[in-house]
2 protein chains.
Amino acid sequence: MDKSRFSYPVPQKNIRITDRFWSERLEVVRRNVIPYQYQALHDNIPGAEKSYAIENFKKAVAVLRDRALGKSVPVYPTDKWYYGQDAPEGAFHGWVFQDSDVYKWLEAVAYSLINHYDPQLFAQASEVIDLVCSAQMDNGYLDTLYIINDPSQVFTNLRDFHELYCFGHLTEAAVAFFEATQDRRLLDSAVRFADLLCRVFGDNGKKGYPGHEIAELALVKLYGVTGAKKYLDLAEFFICQRGTKPYYYDTEHNTKTDGEGYRYNQAHCQPRHQYEAVGHAVRGVYLYSGMADVARLCDDDGLYSACRRIWDNICNRKLYITGGIGATADGEAFSYDYDLPNDLAYSETCASIGLSMFACRMACISPESKYGDVMERALYNTILASMSSEGTEFFYVNPLEVLPIASHCDSRKRHVKPVRQKWFGCACCPPNLARFLTSLGTYCFSCSENTLYIHQYVGAEIDTDFGNVNIDSTYASDGKVSVTFSASRPCELALRIPGWCRDFCIDVPYTVRDGYAYVAVDGDMTISMDFGIRPRLVACSGKVRANVGKAAVAYGPMIYCAESVDNGEDLHLLSLDATADLRYCDGRIIAKGFRTEPREDLYYDYIPCDTVPVDITMIPYYTWGNRGENEMTVYISVAKKL
Amino acid sequence: MDKSRFSYPVPQKNIRITDRFWSERLEVVRRNVIPYQYQALHDNIPGAEKSYAIENFKKAVAVLRDRALGKSVPVYPTDKWYYGQDAPEGAFHGWVFQDSDVYKWLEAVAYSLINHYDPQLFAQASEVIDLVCSAQMDNGYLDTLYIINDPSQVFTNLRDFHELYCFGHLTEAAVAFFEATQDRRLLDSAVRFADLLCRVFGDNGKKGYPGHEIAELALVKLYGVTGAKKYLDLAEFFICQRGTKPYYYDTEHNTKTDGEGYRYNQAHCQPRHQYEAVGHAVRGVYLYSGMADVARLCDDDGLYSACRRIWDNICNRKLYITGGIGATADGEAFSYDYDLPNDLAYSETCASIGLSMFACRMACISPESKYGDVMERALYNTILASMSSEGTEFFYVNPLEVLPIASHCDSRKRHVKPVRQKWFGCACCPPNLARFLTSLGTYCFSCSENTLYIHQYVGAEIDTDFGNVNIDSTYASDGKVSVTFSASRPCELALRIPGWCRDFCIDVPYTVRDGYAYVAVDGDMTISMDFGIRPRLVACSGKVRANVGKAAVAYGPMIYCAESVDNGEDLHLLSLDATADLRYCDGRIIAKGFRTEPREDLYYDYIPCDTVPVDITMIPYYTWGNRGENEMTVYISVAKKL
């Protein structure tokens, strides 16, 4: 690691998003998503699956009170991932990680309050925080599953249950809320829980680590806000302990395995010896983010090398063109290299959010444009696609090809929904999206002592130590950005040159390094960029079997797709004419192509099929599925000259 | 139904297979498969999964003896489909249908004894039959699962457990053994069990029907050999009762469903109202075979119409080019119309055997060549492929595209094995294959009063009521067949003109009807046919998404495939040149084509890939997987002129 190249995300309070496109999305989150999720967490959405999340906290408070009063409290088994309607009334309900939905909502509220202070929202959050804090045990433990069902069993199944995961989300919310409001209540709770973990885990304590990672990066955040090094040490311990032999999960479950099953948890070998992204994709990118944090803060080059290897593996072998990861629904997991089926894709929204977290950390360690490029793919495509325009319906899974009959009739595709859903019992994605979008600016801009890095061209006003910056961007629609800098001292602006860009123009002198254009700034200065946006055909490596003979259409950061509402059914019978121009018109791309006339006979002596010329209409991927249930595809066959 | 067109399979004892190709396969079954399976059923194969089948019969005998002696016998729950090593020692072990493996073996032995009497084999079978008969209860009941575990629970879960399925296989074996040897022991057992069923089920008894069909067609066989109409009536009852409301399986399980879940069992509506092949494919084709039998014998035109509709649905929408059916591993089931993925295919061996049973019955009702064509697909491709040349290794699943890394790493393809396996705990396919191949002739030839139908050109000597016939065939290798007829009176020979055949030559006068060439025969006569075999490219309807832009190569009845051992890895990068000739050479086909050079970059601005000309080597599908683990594909991209 070259520390001279380190940068730090610009604090959110120093950023005001002014971008028209993004402001509108953020307003949807503020006006619709956050209030909607508040109701969802309180089980007030008719027709939606019950969350039970707030109810669990209330039960935990009551149980703690009863126990304090010496009342006898029933014990329930903690033996499943999900506790549904048939669970005893007094017991925990929902998924084992249900608490985290509350924390993610609180984190989103915190960021939203920074962007737009709203006393009523603060009051709502404040009430929830009081409830959360009241559910904490005296020793600092805070997870309603075990508090309600059986506190004697805490930390006995780190592999499957999610206490340390919930701790992680609690801590992220706590740090955010403290930074947003200086209100310490949730932070104090997180600190008390973290202190308990420091007592329980470590060289002289339990040698375990989270089954679902996120505590690692959360502990680093807690270290950042408190300065207490023991939290960083615990994060490092969790990472270094992971995957060592004998396997902790073997010991915990009194089994003896070869560790292959722990690939799911990225615990089959030590993280620093991992070279491939494997297992549950969200867990993976959360771990890799924590590894990058710890590598940087602990100056651990070995760990950083692992991060770089894993990054390259993801981005060169396991990344959908839409910035999605996780090619299989079985285990919501990475598949093997180059296995990127379009129709069976999992590509969970949360995984693309986690990939952006990882990208942001890697870019802050070493400003290379490949990190921002991948985050851009995820941001403008999978992440944006996951929410309806109103912010009340969501995709959890983001496939690149959808055939409604397959989703309805083929159990292999039961995870693929042809339209966005209202809410999910397992609702990790919508609140994750809310907390991500409300803090978008911190992923876009970072600073070193003298340099402001613009990783994403989101229009914003930014305060830095060396002056104010105004970014005026119509990047996604015409590839143009202008940056006005009022520098208080000589400094530097680093502008990511997008990977898709072939010809660009920056109207001031610059030098290019690792895909960033560096511009020296002094005093007042306006820099205009034109990244030469135009529709383009993107091919995929022949090693990806699903895409042989096909291509995708893109425009700037956005990948396009075809829907049957525009193009008729059987999109697989369309072919793009690779020699014809693609025409961009008002947010759509029209491509010349052909439609093959299918034969009815199932098998027949080969003759080339008849084709008819057609215009193929494509729309941005993120807007698909907004006109009712219909077929969609990102990849389209490419016709050679006929 | 036009009864004047009915024909009846030629009895096996009137057929002697002389075909060089098929005799060799039959010898493998006789010399290797049958003895190997005898050892497998007795758990004597080191390294193979235990069968427990014979052990269960021995346990049942002991339990019956103990009960007769008034000893207390423990009761075990009957609540699972599989009872493994952890089941109590005294309890039933294996799959709920484990008994049927013994019956299928006995059936194969019976046919084998007809073909080639072997006193030692008879003695082995005789001992097994004694064991089976000793395990029968006084009331005729015979299923070791319930006899061992809990006789009070018989017939309480027709939906999930397989008593009536085991009855069906017992009966098929019993009829075969009686016909082969005139030995009545097993037939008497089957009759006693059938008589029990006649007492238990019916308008005045239980209104249930088999969860896994086969009893229907077995009862028809029992009717055929005994002449007792009550067995035909019970077969008809099972078929007519199936899918009526209220659903029997709802009543049995004290639930109330909309019946959608019973599509798995083809019990969502009455068979005569079914128009689509749905659910578990093997169950389906066994039911449809029984329906065809009952339709014919009971003169039920409505039921026959359903058979025709379902046949057309399978063959026009749900049939792999290899004669495989069952496109999804989930439920080993038919998928929706035109969903025929190559790599995820289930295409169970047993399903293609069952499809041949259905085809044979339909052809005997109405001699239309489409039935024989489909049986030919199944026989020369999926069914043949399922067994290794030595007869000791088997495929259960028969995909059209295999990538070993996917089978090893991708849980969605865990059912796809890249090489044949020794034996399966769920070993339905190998013994089914044995009984099918040993009785092959009865599927190939049928007679009406004056006509001998040759549905499949398997070389054989056949005795008919109107004279002896000698078929000399090199059909699969050069498309030539000659038939020598010594007719004792004027009669007719009906020769199926294969669907793949474009130009044929028959050296005597003939008329063609429904795809059969009819030749009038009187006295001694030799008829020579040449079906003009040559390699050909076969296309698949554009409605099948998996095969867009691809074609398969075939030669006569055989579908060919490419393996990476001949063509290098990444078979998906090969393209056939549709304009170049295919060259047949010594059992292989060499095709001119191209190999695309894949780019390493996962995504890049589209440019057509470089290609290099290559010769693509293809081998018959049935021979794949005999040279170690490697990639295989049936469908190959077709290059348009570049």
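Residues numbered from 1 in each chain as written. Chains lettered and ligands numbered in written order. Predicted model: local features only at pLDDT ≥ 70, side-chain atom pairs only at ≥ 80, totals over all residues. Heavy atoms only, no water.

Enquirer: Can you walk me through the side chain of Asp293 of chain B in this structure?
Expert: All names here are of chain B. Note on placement: Asp293 falls in helix H11 (residues 281-297). Polar contacts involving the side chain of Asp293 include one to the side chain of Arg361, which spans 2.9 Å. If near-sequence neighbours (up to four positions away) are discounted, Asp293 is found in contact with Leu217, Val220 and Arg361. (Helix = DSSP H or I, 4+ residues; strand = E, 2+ residues; numbered from the N terminus. Polar contact = N/O pair within 3.5 Å; in protein donor to acceptor, adjacent residues only side chain to side chain. Contact = heavy atoms within 4.5 Å.)

Enquirer: What's the story with the packing of aromatic side chains in this structure? I'm lost.
Expert: Remark: the centre distance and the inter-plane angle together describe each pair of aromatic rings, the angle taken between the planes. Under the counting rule described, the total for this entry stands at 80 aromatic pairs over all chains. Ring plane angle 40° and centroid distance 6.2 Å describe the contact between Tyr117 of chain A and Phe122 of chain A, whose orientation is recorded as tilted. Relative accessible area serves as the criterion here: at 51%, Tyr117 of chain A is assigned to the exposed category. For the pair Phe97 of chain B and Tyr165 of chain B, a centre-to-centre distance of 6.3 Å together with 80° between the ring planes defines the contact as edge-to-face. Residue Phe97 of chain B is located in the loop between strand S4 (94-95) and helix H3 (99-115), and its partner Tyr165 of chain B is located in helix H6 (residues 163-181); the two are separated by 68 residues in the primary sequence. Like Tyr165 of chain B, Phe97 of chain B is buried. (Phe/Tyr/Trp six-rings, centres within 6.5 Å; stacked < 30°, edge-to-face > 60°. Buried < 20%, exposed > 50% of the residue type's maximum accessible area, 1.4 Å probe, protein only.)

Enquirer: Hey, could you run me through the relation of the copies chain B and chain A in this one?
Expert: Look at the two chain copies: a rotation about an axis and a shift along it is all it takes to match them. Its rotation angle being 179°, the transformation that places chain B on chain A also includes 0.0 Å of axial translation and leaves an RMSD of 0.1 Å. Taken together, the rotation angle and the small translation identify this as a two-fold axis. (Least-squares fit on C-alpha atoms with pLDDT ≥ 70 in both.)

Enquirer: What is the right way to look at the pattern of salt bridges in this model?
Expert: What the rule picks out here adds up to 85 salt bridges over all chains. Lys229 of chain A is the partner of Asp233 of chain A in a salt bridge, and the nearest nitrogen-oxygen pair spans 2.8 Å. Linking Asp233 of chain A with Lys229 of chain A, this pair stays in helix H9 (residues 229-241), spanning 4 residues, or about one helical turn. On the accessibility criterion, Lys229 of chain A (49% relative accessible area) is partly exposed. The residue Arg159 of chain B makes a salt bridge to Asp160 of chain B at a minimum N-O spacing of 2.9 Å. Taking the relative accessible area as the measure of exposure, Arg159 of chain B reaches 22% and is therefore partly exposed. Residues joined in a network through salt bridges with shared partners are Glu107, Glu172, Lys221 and Arg435 of chain A. (Salt bridge = Lys/Arg side-chain N within 4 Å of Asp/Glu carboxyl O.)

Enquirer: Help me understand the packing of helix H8 (residues 215-226) of chain B against helix H9 (residues 229-241) of chain B in this model?
Expert: Each packed pair of helices is defined by two parameters, the angle between the axes and the distance between the axes. Residue and element names in this part refer to chain B. Orientation of H8 relative to H9, taken along the N-to-C sense of each, is 165°, at an axis distance of 7 Å. Here H8 is positioned roughly antiparallel relative to H9, judged by the angle of their axes. As for the relative orientation of H8 and H9, their crossing is left-handed in sense. Between H8 and H9, the contacting residues are Ala215, Glu216, Leu219, Val220, Leu222, Tyr223 and Thr226 on the first element and Lys229, Tyr231, Leu232, Leu234, Ala235, Phe238 and Ile239 on the second. Tallied by class, residues from the contact of H8 with H9 come to 11 nonpolar, 1 polar and 2 charged. (Axes fitted to C-alpha atoms, helices over the stretch in contact; angles between N-to-C directions. Parallel < 35°, antiparallel > 145°, perpendicular 65-115°, else oblique. Left-handed = near helix turned anticlockwise from the far one by under 90°. Nonpolar A, V, L, I, M, F, W, Y, C, P; charged D, E, K, R; others polar.)

Enquirer: Please explain the pairing of strand S14 (residues 516-521) of chain A as it appears in this structure.
Expert: Consecutive side chains along a regular strand alternate between the two faces of the sheet. Residues and elements named next belong to chain A. The buried fraction of S14 is high, at 5 of 6 residues. Examined bridge by bridge, strand S11 (residues 491-496) and S14 share 6 bridges and lie antiparallel to one another. Residue pairing for S14: Ala494 is matched across the bridge by Tyr518. By the bridge criterion, 3 bridges tie strand S13 (residues 511-513) to S14 in an arrangement that is antiparallel. Residue pairing for S14: Val512 is matched across the bridge by Ala517. Counting the residues in the hairpin turn of S13 and S14 gives 2 residues, including Asp514, whose phi is positive at 50°. (Pairing = 2+ DSSP bridges.)

Enquirer: When you look at the pairing of strand S15 (residues 524-530) of chain B in this model, what are you seeing that I'm missing?
Expert: Residue and element names in this part refer to chain B. The side-chain alternation of S15 yields one buried face, formed by Met525, Ile527 and Met529, and one unburied face, formed by Asp524, Thr526, Ser528 and Asp530. Summarising the sheet, strand S10 (residues 480-487) and S15 pair through 7 bridges and their orientation is antiparallel. Counterpart to Thr484 in the pairing with S15 is Thr526.

Enquirer: Before we go on, may I ask you to explain the sheet that holds strand S1 (residues 8-9) of chain A in this structure?
Expert: In any sheet, the strands associate via hydrogen bonds between backbone groups, in a parallel or an antiparallel arrangement. Residues and elements named next belong to chain A. Strands sit in the order S1-S6-S7-S11-S14-S13 across an open sheet of 6 strands; the sheet is mixed. Every other strand in the sheet has two partners, leaving S1 and S13 as the edge strands with one partner each. Pairing of S1 with strand S6 (residues 445-447) involves 2 bridges; the strand directions are antiparallel. Bridge pairing links Tyr8 to Cys447 in S6.

Enquirer: Mind showing me how you'd approach the environment of Tyr286 of chain A here?
Expert: All names here are of chain A. Along the chain, the position of Tyr286 falls in helix H11 (residues 281-297). Judged by relative accessible area, Tyr286 falls into the buried class, the value being 1%. Separated by 93 residues in the primary sequence, Tyr286 and Phe193 have C-alpha atoms spaced 20 Å apart. Setting aside chain neighbours within four positions, we find Tyr286 in contact with Tyr165, His169, His212, Glu213, Ile214, Leu217, Gly354, Met357, Asn432 and Arg435.

Enquirer: I'm lost on the confidence of the model for chain A in this one. Help?
Expert: In low-pLDDT regions, the fine details of the predicted coordinates are not to be read closely. Averaged over every residue, the pLDDT of chain A is 95; the share at 70 or more is 99%. Both scores are available for the predicted complex, with the pTM at 0.93 and the ipTM at 0.94. (pLDDT = per-residue confidence, 0-100.)

Enquirer: Any chance you could explain the interface of chain B and chain A here in plain terms?
Expert: Many structure descriptions define interface size as the accessible area lost when the parts assemble. Every contact between the two is made by 59 residues of chain B and, on the other side, 59 residues of chain A. Here chain B is connected to chain A by 10 salt bridges. For Glu600 of chain A, the salt bridge identified is with Lys543 of chain B, shortest N-O distance 3.9 Å. Seen at the junction of chain B and chain A, the total is 28 residue pairs in polar contact (both at pLDDT 80 or more).

Enquirer: Teacher, can you tell me more about the nonpolar core here?
Expert: Most often, soluble globular proteins have nonpolar side chains that are buried together. Residues Trp105, Ile314, Phe445, Leu452, Leu493, Leu495 and Val634 of chain A are the most contacted members of the largest nonpolar core, which totals 224 residues. Excluding residues within four positions of it along the chain, Trp105 of chain A makes contact with Ile34, Gln37, Tyr38, Leu41, Leu121, Gln124, Ala125, Val128 and Pro431 of chain A. Counting 223 residues, the second largest nonpolar core, distinct from the first, contains Leu142, Ala281, Ile353 and Ile454 of chain B. (Core = buried A, V, L, I, M, F, W, Y, C linked by side-chain atoms within 4.5 Å.)

Enquirer: For this particular structure, what's the right way to read helix H3 (residues 99-115) of chain A?
Expert: Structural remark: α-helix, 3.6 residues per turn; residues separated by three or four positions point the same way. Taking 1.5 Å of rise per residue, the 17 residues of H3 of chain A would be expected to cover 24 Å, and the 25 Å separating its terminal C-alpha atoms lies within 8% of that figure. Counting buried positions over the 17 residues of H3 of chain A gives 15, a clear majority of the element. (Expected span 1.5 Å × (residues − 1).)

Enquirer: What is the right way to look at the sheet that holds strand S15 (residues 524-530) of chain A in this model?
Expert: Residues and elements named next belong to chain A. Spatially, S2-S8-S9-S10-S15-S12 is the arrangement adopted by the 6 strands of the open sheet, whose pairing is antiparallel. Each end of this open sheet is capped by a strand with a single partner; those strands are strand S2 (15-17) and strand S12 (505-506). Sheet analysis places S12 next to S15, joined by 2 bridges and oriented antiparallel. Paired with Ile506 across the strands is Met529, a residue of S15.

Enquirer: Teacher, can you tell me more about the state of the cysteines here?
Expert: In protein chemistry, a disulfide is the covalent bond that joins the sulfur atoms of two cysteines. All chains considered together, the criterion is met by 0 disulfides over all chains. Between Cys447 of chain A, a free cysteine, and Cys491 of chain A, which holds the nearest cysteine sulfur, the sulfur-to-sulfur gap is 8.9 Å. Of the residues examined, Cys447 of chain A reaches a relative accessible area of 15% and is grouped as buried. With no disulfide partner, Cys501 of chain B has as its closest neighbouring cysteine sulfur the one in Cys505 of chain B, 10 Å distant. Overall, the relative accessible area of 8% leaves Cys501 of chain B in the buried class. (Disulfide = S-S within 2.5 Å.)

Enquirer: Would you take a moment to explain unusual backbone geometry for this structure?
Expert: In most cases, non-glycine residues show a negative phi, while peptide bonds are predominantly trans. Residue and element names in this part refer to chain A. Each neighbour pair has its own omega, and for Lys245 with Pro246 the value is -5°, a cis peptide bond. With respect to the element layout, Pro246 can be found in the loop between H9 and helix H10 (248-253). For Asn254, which is not glycine, the phi dihedral falls at a positive 55°. Within the element layout of this structure, Asn254 appears in the loop between H10 and H11. Here the phi dihedral of Ser347 falls at roughly 45°; this positive angle occurs in a residue that is not glycine. You can see Ser347 is positioned in the loop between helix H12 (301-317) and helix H13 (349-365).

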